[in-house]
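Each chain, written out:
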Protein chains: 2
Amino acid sequence: MTVDDTILEVQRPVRRELEKVQERLRGLFRTPIPILNEVGGHVLATRGKKFRPTLLLLTARLRGPLRDDALVCATVVELVHAAALIHDDSVDRSMLRRGMPTVNGLWTDEMAIIMGDYMYAQAMALLVEHRQNAAMGILAQVVTDMSCGQALEFQHAFDLDVTEAQYEQLIQGKTGSLIGAATEIGAGLQKGAADRRRRAAFRRFGDTIGVAFQIVDDLFDYLGDPAVTGKPVGYDLIEGKVTLPLIAALRLATEADRRRMRKLAGRRRFTATQWADLKAAIERAGGFDYARKRARALADEAREILSDEPRGAARRALTAAIDYAVVRDH
Amino acid sequence: MTVDDTILEVQRPVRRELEKVQERLRGLFRTPIPILNEVGGHVLATRGKKFRPTLLLLTARLRGPLRDDALVCATVVELVHAAALIHDDSVDRSMLRRGMPTVNGLWTDEMAIIMGDYMYAQAMALLVEHRQNAAMGILAQVVTDMSCGQALEFQHAFDLDVTEAQYEQLIQGKTGSLIGAATEIGAGLQKGAADRRRRAAFRRFGDTIGVAFQIVDDLFDYLGDPAVTGKPVGYDLIEGKVTLPLIAALRLATEADRRRMRKLAGRRRFTATQWADLKAAIERAGGFDYARKRARALADEAREILSDEPRGAARRALTAAIDYAVVRDH
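Rules of the game
Residues numbered from 1 in each chain as written. Chains lettered and ligands numbered in written order. Predicted model: local features only at pLDDT ≥ 70, side-chain atom pairs only at ≥ 80, totals over all residues. Heavy atoms only, no water. Helix = DSSP H or I, 4+ residues; strand = E, 2+ residues; numbered from the N terminus. Rg over C-alpha atoms; globule rule 2.2 N^0.38 Å. Buried < 20%, exposed > 50% of the residue type's maximum accessible area, 1.4 Å probe, protein only. Areas by Shrake-Rupley, 256 points an atom, 1.4 Å probe, with all protein chains shown as cover. Lys, Arg positive; Asp, Glu negative; His and termini not counted. Charge placed at Lys NZ, Arg CZ, Asp CG, Glu CD. Least-squares fit on C-alpha atoms with pLDDT ≥ 70 in both. Contact = heavy atoms within 4.5 Å. Buried area = accessible area lost by both parts, 1.4 Å probe. Salt bridge = Lys/Arg side-chain N within 4 Å of Asp/Glu carboxyl O. Polar contact = N/O pair within 3.5 Å; in protein donor to acceptor, adjacent residues only side chain to side chain. Nonpolar A, V, L, I, M, F, W, Y, C, P; charged D, E, K, R; others polar. Core = buried A, V, L, I, M, F, W, Y, C linked by side-chain atoms within 4.5 Å. Axes fitted to C-alpha atoms, helices over the stretch in contact; angles between N-to-C directions. Parallel < 35°, antiparallel > 145°, perpendicular 65-115°, else oblique. Left-handed = near helix turned anticlockwise from the far one by under 90°.

A closer look at the overall build of chain A
- Within chain A one finds 17 helices and two strands.
- In terms of C-alpha radius of gyration, chain A reaches 20 Å, essentially the compact-globule figure of 20 Å for 330 residues.
- Dimensions of chain A, computed from C-alpha atoms along their principal axes, come out at roughly 60 × 50 × 35 Å.
- Counting every position in chain A, which comprises 330 residues, the buried fraction comes to 60%.
- Split by element, the accessible area of chain A, about 13700 Å² in all, is 51% carbon and sulfur.
- The positive charge centre, built from 48 side chains, and the negative charge centre, built from 44, are 3 Å apart in chain A.

What to know about the relation of the copies chain B and chain A
- Superposing chain B onto chain A takes a rotation of 180° combined with a translation of 0.0 Å along the rotation axis, leaving an RMSD of 0.0 Å. The transformation just described matches what one would write down for a two-fold rotation axis. When C-alpha positions in chain B are compared against the rotation axis, the closest is assigned to B:Ile113, at 3.8 Å.
- Interface overlap between copies is the fraction of interface residues in one copy that are interface residues in the other; for chain B against chain A it reaches 100%, indicating a shared surface.

A closer look at the interface of chain B and chain A
- Contact with chain B, which involves 36 residues of that partner, is made by 36 residues of chain A.
- At the boundary of chain B with chain A, total buried surface from both sides reaches about 3400 Å², with 76% on carbon and sulfur atoms.
- On inspection of chain B and its partner chain A, the count reaches zero salt bridges.
- At the junction of chain B and chain A, the tally comes to six residue pairs in polar contact (both at pLDDT 80 or more).
- Among the secondary structure elements, those contributing two or more residues to the side of chain B that touches chain A are α3 (34-46), α5 (68-91), α7 (109-129) and α8 (133-155) of chain B.
- Residues of the side of chain B that touches chain A, tallied by class, amount to 22 nonpolar, ten polar and four charged.

Here's the deal with the nonpolar core
- Counting 240 residues, the largest nonpolar core has A:Leu246, A:Leu278, B:Leu246 and B:Leu278 as its most contacted members.
- Counting residues per element, this core draws most heavily on α7(B), which supplies 13 residues.

Side note on the pattern of salt bridges
Residues and elements named next belong to chain A.
- Summed over all chains, the structure comprises 40 salt bridges over all chains.
- Between Arg262 and Asp161 there is a salt bridge, with its nearest N and O atoms 3.1 Å apart. Here Arg262 is found in helix α14 (residues 255-265), whereas its partner Asp161 is found in the loop between α8 (133-155) and α9 (164-188), with 101 residues between them in sequence.
- Between Arg303 and Asp300 there is a salt bridge, with its nearest N and O atoms 2.8 Å apart. On the criterion of helical spacing, the pair formed by Arg303 and Asp300 is a turn pair, its members being three residues apart in helix α16 (residues 287-306).
- A relative accessible area of 30% places Arg303 in the partly exposed class.
- Beyond isolated ion pairs, a larger network of salt bridges with shared partners links Glu23, Arg26 and Arg30.

What to know about the environment of B:Leu56
All names here are of chain B.
- With respect to the secondary-structure elements, Leu56 resides in helix α4 (residues 51-61).
- On a C-alpha basis, the gap between Leu56 and Phe158 in space is 35 Å, while along the polypeptide they are 102 residues apart.
- For Leu56, the residues in contact, after removing those within four places along its chain, are Ala70, Cys73, Ala74, Val77, Ala182, Ile185, Gly186 and Leu189.

Digging into the environment of A:Asp4
Residues and elements named next belong to chain A.
- Relative to the helices and strands, Asp4 resides in helix α1 (residues 3-11).
- We classify Asp4 as partly exposed; its relative accessible area is 46%.
- For the pair Asp4 and Tyr324, spaced 320 residues apart in sequence, the C-alpha separation works out to 9.3 Å.

A short note on the packing of α4(B) against α5(B)
Residue and element names in this part refer to chain B.
- At a closest axis distance of 8 Å, the pairing of α4 and α5 adopts a crossing angle of 155°. Of the possible angle classes, the one that applies to α4 and α5 is roughly antiparallel. In the crossing of α4 with α5, the sense of the turn from one axis to the other is right-handed. Within the contact between the two elements, α4 uses Arg52, Pro53, Leu56 and Leu57 and α5 uses Ala70, Leu71, Cys73, Ala74, Val77, Glu78 and His81.
- Here the contact of α4 with α5 is composed, by residue class, of eight nonpolar, one polar and two charged.

The structure is reproduced here in structure tokens:
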């Protein structure tokens, strides 16, 4: 099964709802301000697989047919994610995302900040309008966690002494928290609000998938095919992002390899040979293998959480979502 | 009376509360992330007169002694304002604000986006924690209005055909909405929630002060002393911001002056002579006078709204706040 087949299988039980989410998002860009509609239309046209709203809808779907509150919350989670990406692209000066031009690339950084702020505000306004207080509380904390994750990334830029625990804390904030919020909110819908234990379990479920997803993403930066990922290899390191393969390799390597890696990884640009040397040293030390195993262990934890849930289309799709997080190729 | 005396008079009835607001803000930057605390400390040390929280507290104070909910809302309004300024400075590439270095100036645009997002998130989290649902609804709309105001500014950049109505709509979004929110929230506290007519009146009160405040700010860009305003004259126009003195002058001028102004105002930089010529033409057409009169008319509207309120320290301070908005020199 290809990765595209996997994502289709993940989305199948909630495909109609995802279309309604997209329709609601379109509605936010029918404003009297032409430039806002133009940029918004571009953002919606280039958005990806809606992984976060899909997880929210599937988690809610475990307890029966979906209602309007699930659509509202799914729309909000997608808005928060899109806003964060738009700000990130501007921060990183990225001109492309998955091969498509970014807002700051097509317009300006100014427009990227404005558009991100507009989408955050719309997310908040939708939650207020539909009195989704539980989701509001969860997402207020998540946006804090996401900016703290970014601040930690700033703090640890080019820091070759960053520990695995610090790295996981950072990617939990940056990526895990919003995916965890999606599944926690989903578990609190459909009269699930009273079951605190299950809500906490689904928080862990999403956090775990999110961290695994980011570890795999960080692996692609070393091992991915730029033609598929839409992003050059080695970009993370050039930006100062020290990720799990290197962290693990620095810990596991021989003294000679450790010194070689520290010297290479401290560079701000690489020749093809230097990059190949660094990758070979990480491979020898078992850094890639370590990261793959960690992602798989997290996937197992997530599967375990699902084992108490009723069998059916939603559970099958959530299982496929775990596979998607750890086995996808971009 | 100097402008500094005026602002002291405005703040006097709520000075202790403003200190508590500052203390709460400091608490938000005692995090485990050193860079966040460092940047946050700088932001708090360089923040200005707390005009928005002051107005909120004074409006609430009209109905008696303040409670904790007023402090929470005042803190949130200051957070939203500071977040918006940090994003604006990054958008505008401003290195200084009131003569003090900006976040993007001392650190990076990246840090400015992160810090702004963090402060917006903290604002939302505080409102959730203290169950301030009314304030939440108002502020969700305001952040939307503020980003729409910014988008309109982007839309109308270098547009010499922008109308006075479009300009007022733009500054209402950019500046009026948050000041209007501050006084509307203030009027809804102290058991004021039930009185919808009064809440609406205080919304207009703040909107009106805010628009007047911005018109005066835009006048400074032509007439201010850079040593006092901390910002070079003519900067707005170079950035494409066409403001009321020029809009009015283009409408009121003789055909010859209109042509002269359009030609001069279309430039991206000015010699001292060109700038003096443009100012002289605006003056001849009565553009500055028109803007001053509009600000004064708005101040009169705001004073009228206060006339129903009980006399006392809070009302006197709010009257002084109107004066401050239209007569300050920076």
